[in-house]
Amino acid sequence: MLEVIPERGLGVIVLSSYSGPAVAMPVAQNALRWALKDKFDLDWPTNRFIPPASPVTNLSIAELDAVTGCYAVTRGYDLIRRAGTNLTWIRNAHSDEPTIVSNLVGRENGWFSTPDSQDQELGFTNVLGRFIMYYRLATGTYTTYQETVAHGERVDPVTLSAAWSNRLDKVYFASDVDPDSYYWLPVFNLGIVLLQSEGAIFLEAGPTAAASLLVPDSDTLAFPRGVASADPTALQAFTTNGIEYLRYGGFTYRPADTFPAMDAGTASNLVLEAGETVWFTLMVESGTVYTLDLLSTNPVAAYLQDDDGNPIGKALSVYGYTFTAATNGEYLIAVVNGNFVGAPVQFGAWTNALPFYREVTNVADWPSFMTNQWYGGSEFGYVHVHASRVTHDA
């Protein structure tokens with residue numbers, strides 16, 4: 001994060017491993033406060049900042065249209081539209097619930113704001129050939145100073161090539177997430193989708209990646225636009241063994257429509273390399289009970305997601321996972337080897353789930369690692385055991 005006081009020639013850069021301003025901003029502002037006191041013997045302001053009044057001015061239609069468009073911002077995009085002789089600011093226009101600030105008027109100071117307040121103003125300018133939207137606002141604990149922020153970069157519409165058009169509206173899932181990563185927890189979605197939006201590529205992502213607006217540089221490479229965040233990265237397409245993958249944000253993504261299909265009531269014998277993830281699809285029917293079962297000497301996990309990529313549950317080699325399908329559809333299963341060496345794995349998706357449970361009347365009889373919160377089911381008095389492990393008759 002870069003924070004400056006231009007009129008005093010002071011600036012500070014704060015580097016942080018934590019995404020967003022929550023950590024870096026207070027550090028930067030306190031450093032500037034101390035520098036202001038040390039170099040100029042000036043205290044940080046304590047009175048509320050009042051923006052200098054600037055009269056409203058009538059701008060021509062051409063002047064208003066010159067700043068309209070789509071602006072790539074942190075994790076998405078905003079839209080600036082003309083409404084008569086004023087501007088409308090649609091914040092987070094990519095979301096289901098955008099924020100709309102209407103009736104923005106031009107002022108003699110070159111900024112735009114609502115007619116009755118200059119507490120927050122918008123400005124537009126060219127910076128090294130890039131058209132940038134700024135905003136400035138009174139901020140601080142008691143709104144004691146004014147901060148100016150580079151908010152977004154205007155993205156001019158482009159015509160997408162056939163190669164990029166063929167990648168649109170497909171779901172891709174991360175195929176190289178570390179087995180021990182917290183990204184496997186139910187709150188995360190490992191999928192991304194490419195959409196065409198505002199004449200560019202909009203990468204829609206869950207918490208594991210930064211949503212961004214990208215412009216192709218070639219048929220296999222696209223770069224993000226925007227100035228407010230370092231989160232988005234380049235998007236690259238490459239082909240291995242006849243399957244086209246995407247690389248984005250440090251992960252490799254495979255299209256879901258290339259996952260091998262698994263039939264209910266069957267098992268697959270796999271040999272997983274150390275840390276390898278193999279995805280499957282499973283067609284499910286509403287109301288049917290299914291059980292995911294793993295047989296392996298390694299710490300192997302199978303993560304289940306619905307057809308929208310929302311996590312449902314997981315099975316481990318020490319217990320299975322039983323679920324009832326809520327609707328008809330194609331579910332996704334990621335089988336992950338969490339060991340440092342390769343190992344054989346038998347993975348089954350059964351429909352006769354109930355016989356695969358053996359009641360445990362005394363949880364203390366089981367090893368402690370099977371009774372903690374990560375081993376679901378054992379805390380309720382039973383642990384999943386495939387019948388063949390006990391009686392060899394199923």
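As shown above, the structure is provided for reference.
The shown structure was predicted, so the numbers you read here are calculated from the model rather than taken from an experiment.

A closer look at the overall build of the protein
Summing up its helical and strand segments, the protein has four helices and 29 strands in all. Of all intrachain contacts in the protein linking residues separated by at least 6 positions in sequence, the fraction that spans at least 24 positions is 54%.

Details of the pattern of salt bridges
According to the stated counting rule, one finds seven salt bridges in the structure shown. A salt bridge links Arg81 to Glu198, with the nearest nitrogen and oxygen atoms 3.4 Å apart. Taken together, the positions of Arg81 in strand S4 (residues 76-83) and Glu198 in the loop between strand S12 (191-197) and strand S13 (200-205) put the pair 117 residues apart, joining distant regions of the chain. In this structure Arg81 comes out as partly exposed when scored by relative accessible area, which is 33%. According to the relative accessible area criterion, Glu198 is partly exposed, its value standing at 32%. A cluster of three or more residues bridged by salt bridges with shared partners is formed by Lys37, Asp41 and Asp43.

Quick look at the nonpolar core
Counting 34 residues, the largest nonpolar core has Trp184, Leu190, Leu194, Leu235, Leu246, Tyr253 and Trp279 as the members making the most contacts within it. Put simply, the parts of the chain that give this core at least two residues each are strand S11 (171-174), S12, S13, strand S16 (235-240), strand S17 (243-248), strand S18 (251-255), strand S23 (300-305) and strand S26 (329-337). Those residues in contact with Leu246, other than ones at most four positions away along the chain, are Arg167, Tyr172, Ile192, Leu194, Leu235, Gln236, Ala237, Phe238, Phe251, Thr252 and Tyr253. Of all hydrophobic cores here, the second largest spans 22 residues; its members include Val284, Tyr290, Ala302 and Phe323.

Concerning the packing of aromatic side chains
Taken as a whole and judged by the stated rule, the model has 15 aromatic pairs. Members of the aromatic cluster, joined through ring pairs, are Tyr71, Phe112, Phe124 and Phe131. Stacked on the ring of Phe40, the Lys or Arg Arg8 has its end atom at 5.1 Å from the ring centre. It is Arg167 that lies over the ring of Trp164; its NZ or CZ is 4.4 Å from the centre.

Looking at the side chain of Arg136
Structurally, the position occupied by Arg136 is in strand S9 (residues 130-139). A distance of 2.7 Å separates the side chain of Arg136 from the side chain of Glu121, its partner in a polar contact. Discounting chain neighbours no more than four positions away, the residues touching Arg136 are Asn109, Trp111, Asp119, Gln120, Glu121, Gln146, Glu147 and Thr148.

Comments concerning the sheet that holds strand S24 (residues 311-316)
Judged by pairing direction, the sheet is mixed, and its five strands sit side by side in the order S19-S21-S26-S23-S24 without closing on themselves. If you trace the sheet from one side to the other, it starts and ends with strand S19 (261-262) and S24, each paired once. In the sheet, S23 pairs with S26 via six bridges, with the strands oriented antiparallel. Bridge pairing links Gln305 to Leu332 in S26.

What to know about unusual backbone geometry
Positive phi is not limited to glycine here, since Arg75 has a value of about 55°. With respect to the element layout, Arg75 can be found in the loop between strand S3 (69-73) and S4. Given a relative accessible area of 35%, Arg75 falls into the partly exposed group.

A short note on a negative patch on the surface
Taken together, Asp257, Asp307, Asp308 and Glu330 make up a surface patch of like negative charges. By the element assignment, Glu330 lies in strand S26.

What to know about the pairing of strand S5 (residues 86-91)
Taking burial as the measure, the six residues of S5 include five buried ones, the bulk of the element. Examined bridge by bridge, S4 and S5 share five bridges and lie antiparallel to one another. If you follow Ile80 over to S5, its bridge partner there is Trp89. Linkage of S4 to S5, two consecutive antiparallel strands, is achieved through a turn of two residues, within which Gly84 is found at a positive phi near 70°. Of the pairings in the sheet, the one linking S5 to strand S6 (residues 99-106) comprises four bridges and is antiparallel in character. Considered in S6, the bridge of Leu87 is made with Leu104.

Definitions and cut-offs
- Residues numbered from 1 in each chain as written.
- Predicted model: local features only at pLDDT ≥ 70, side-chain atom pairs only at ≥ 80, totals over all residues.
- Heavy atoms only, no water.
- Helix = DSSP H or I, 4+ residues; strand = E, 2+ residues; numbered from the N terminus.
- Contact = heavy atoms within 4.5 Å.
- Salt bridge = Lys/Arg side-chain N within 4 Å of Asp/Glu carboxyl O.
- Buried < 20%, exposed > 50% of the residue type's maximum accessible area, 1.4 Å probe, protein only.
- Core = buried A, V, L, I, M, F, W, Y, C linked by side-chain atoms within 4.5 Å.
- Phe/Tyr/Trp six-rings, centres within 6.5 Å; stacked < 30°, edge-to-face > 60°.
- Lys NZ or Arg CZ within 6 Å of the ring centre and 35° of its normal.
- Polar contact = N/O pair within 3.5 Å; in protein donor to acceptor, adjacent residues only side chain to side chain.
- Pairing = 2+ DSSP bridges.
- Patch = residues over 30% accessible without salt bridge, like charges linked within 9 Å, V, L, I, M, F, W, Y side chains within 5 Å.
- Areas by Shrake-Rupley, 256 points an atom, 1.4 Å probe, with all protein chains shown as cover.
- Lys, Arg positive; Asp, Glu negative; His and termini not counted.
- Charge placed at Lys NZ, Arg CZ, Asp CG, Glu CD.

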